[in-house]
Every structure is written in C-alpha cells, then in structure tokens.
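Listed below, chain by chain, are the residues.
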Amino acid sequence: MCYVQEKKNITNESLIEDLRNLAVKFKLMEALCNLPTTTNFTISKDRFMFGASICIGIPKHKLTRKNIQQNNASAASARVDVIPSIKGSTHVEMPPGSICGHPWGNCSEATPWEALRGEDCSVELNSLTITLKDLEEKEICYKCNEVAKTMKSMGVAKVVPMHLFP
Ligand SMILES: [Zn+2]
C-alpha cells in the first residue's frame, strides 16, 4: 500500500488533498473492519510517501479475520525490528501521564520517514499527519518525537512538521 514516488510538479496543496482522500477512503472501509486511526505524508526534497497507522486497539466491529489484532501487533513489532531509528528509540521511557499508549512502530509516520531518510547524509523530511476521525491535523506523538531525535542523531534526517493551515 505504501510506496515512494518522485515529487514532480506536485504541490503540497494537492498532496494534502490526496492525504484527506486517502483518510476518507479508510473511513469508508472502517465499517467493515478495524482500520488505521491516522494517515501521514512525508516529503523530502524530491520524493514523497503516504503512510498509515496500524490499528491495535479493541475492535469496534466484527472482524472478517479472527487474528487481525495479532497480525497488526506483529506488523508494528516488525517495523521496530527493521527500522533502526525506532529500534534505537525504544529504550526511552514514556513520561508520566503520557497518552502514547500505542506500541512502538504503530504510527503512520514510521514507514515514510524510514523510506525517505538519507543514506549517508541528513535530509529534511516535511511530515503531516491527520486523523481519520475528523480529518484534522495530529501533532507528532511523544514516541515519534523520540524517533525524530534518533534520526537526527544518526545523521539521516531532520523531521519538520507540516501544518494543514500554515
Ligand atoms: Zn507517533
């Protein structure tokens, strides 16, 4: 579902519209099964990518596959295993009262940030996340902030939040 695409003649406004359309399509599917709560797009200098969170909570609806929660938990765990910046952040303890109840690797930012990061140099990654619930902007969570710090210390990316209304 996620893929990197070259950014040729594509404006940030059209990407925001695409992000909202993606969220609306997920919402239409929500009646059928437990789906993501956020979608993200991330832009580097010449490429962009969309991502989606993994839903691990208690299902609100009858699922078509009995093991979807277990599958989703495995997917988040797999992201932690293969994405060095997430794996390198997992030692961080959440502050008291943190609302980051989701597991590491769950967020919609995880895959785009990893796919677009620099190899031997740091690149600027502009990132915007919206919720499926109301299509509103979502702040980068505590865990993703830690991942962004790790990416910066690894010298592979500087994450810069984007906003729906600059
Ligand atoms: Zn996050």
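Everything discussed here concerns the structure shown above.
My aim in this report is to walk through the structure given alongside it, one point at a time. Note that this is a predicted model, so its numbers are computed, not measured.

About the cut-offs
- Residue positions are given per chain, counted from 1 along the sequence in the order it is written.
- Per-residue local features are limited, in this predicted model, to residues with pLDDT of at least 70; the limit for side-chain atom pairs, both in listing and counting, is 80 or more; totals at the level of whole chains, interfaces and linings are taken over all residues.
- Helix and strand definitions here come from DSSP, where helices need a minimum of 4 consecutive H or I residues and strands a minimum of 2 consecutive E residues; each element is numbered from the N-terminal end.
- Neighbour counting defines burial: a residue surrounded by 20 or more other C-beta atoms within 10 Å of its own C-beta is buried, one with 12 or fewer is exposed, and intermediate counts give partly exposed, using backbone-placed C-beta atoms.
- Note that contacts rest on C-beta atoms placed from the backbone: two residues are in contact if these are within 7 Å.
- A set of buried residues drawn from Ala, Val, Leu, Ile, Met, Phe, Trp, Tyr and Cys, joined through C-beta atoms within 7 Å, is what defines a nonpolar core.
- An expected span of 1.5 Å times one less than the residue number is assigned to each helix.
- Starting at the helix axis, one direction is taken to each C-beta atom, and the arc is that of these directions.
- Between any two strands, pairing holds if DSSP finds at least two bridges.

## Notes on the overall build of the protein chain
Line of reasoning, step 1. When its secondary structure is counted, the protein chain shows five helices and five strands.
Line of reasoning, step 2. Shown N-terminal to C-terminal, the secondary structure of the protein chain runs as helices and strands in the order β-α-β-β-α-α-α-β-α-β.
Line of reasoning, step 3. Classification of the 166 residues of the protein chain by burial places 36% in the buried group.
Line of reasoning, step 4. Of all intrachain contacts in the protein chain linking residues separated by at least 6 positions in sequence, the fraction that spans at least 24 positions is 71%.

## Here we look at the nonpolar core
Line of reasoning, step 1. One finds Leu-19, Phe-41, Trp-113, Val-147, Met-151, Ala-157 and Val-159 to be the most contacted residues of the largest nonpolar core, which totals 26 residues.
Line of reasoning, step 2. Taken together, the elements giving at least two residues each to this core come down to α1 (12–29), β2 (38–43), β3 (47–52), α4 (110–116), β4 (123–131), α5 (142–154) and β5 (157–161).
Line of reasoning, step 3. Per element, the largest residue contribution to this core is four residues, and it comes from α5.
Line of reasoning, step 4. Excluding residues within four positions of it along the chain, Leu-19 makes contact with Thr-39, Phe-41, Phe-50, Leu-128 and Ile-130.

## With respect to the environment of Thr-129
Line of reasoning, step 1. Counting through the fold element by element, Thr-129 comes out in strand β4.
Line of reasoning, step 2. Along the primary structure Thr-129 and Leu-164 are separated by 35 residues, whereas in three dimensions their C-alpha atoms are 9.2 Å apart.
Line of reasoning, step 3. Not counting chain neighbours up to four residues away, the residues in contact with Thr-129 comprise Thr-38, Asn-40, Ser-108, Glu-109, Lys-138 and Ile-140.

## Overview of α1
Line of reasoning, step 1. With 18 residues, α1 extends 26 Å from end C-alpha to end C-alpha; this agrees with the ideal 26 Å at 1.5 Å per step.
Line of reasoning, step 2. Three or more residues of α1 are buried, namely Leu-19, Leu-22 and Ala-23. Along the long axis of α1, the arc covered by the buried residues comes to 95 degrees, so they all point the same way. Of the exposed residues in α1, those oriented more than 90 degrees away from the buried face are Glu-13, Ser-14, Glu-17, Asn-21, Val-24 and Leu-28.
Line of reasoning, step 3. In this structure, the buried side of α1 is in contact with β2, β3 and β4.

## Examining α5
Side chains three or four residues apart in an α-helix point the same way, a direct result of the helix having 3.6 residues per turn.
Line of reasoning, step 1. Across its 13 residues, α5 extends 18 Å between first and last C-alpha, which sits within 8% of the 18 Å expected from 1.5 Å per residue.
Line of reasoning, step 2. Here the buried face of α5 lies against α3 (84–87), α4 and β5.
Line of reasoning, step 3. The first or second residue beyond α5 is Gly-155, which carries a positive phi of 75 degrees.

## Quick notes on the pairing of β3
Line of reasoning, step 1. For β3, the buried fraction is high: five of the six residues fall into the buried class.
Line of reasoning, step 2. Direction of pairing for β2 relative to β3: antiparallel, over a ladder of five bridges. Following the sheet pairing, Thr-39 is matched in β3 by Ala-52.
Line of reasoning, step 3. Adjacent in sequence and paired antiparallel, β2 and β3 are bridged by three residues.

Function-wise, these values are silent; they only describe arrangement.
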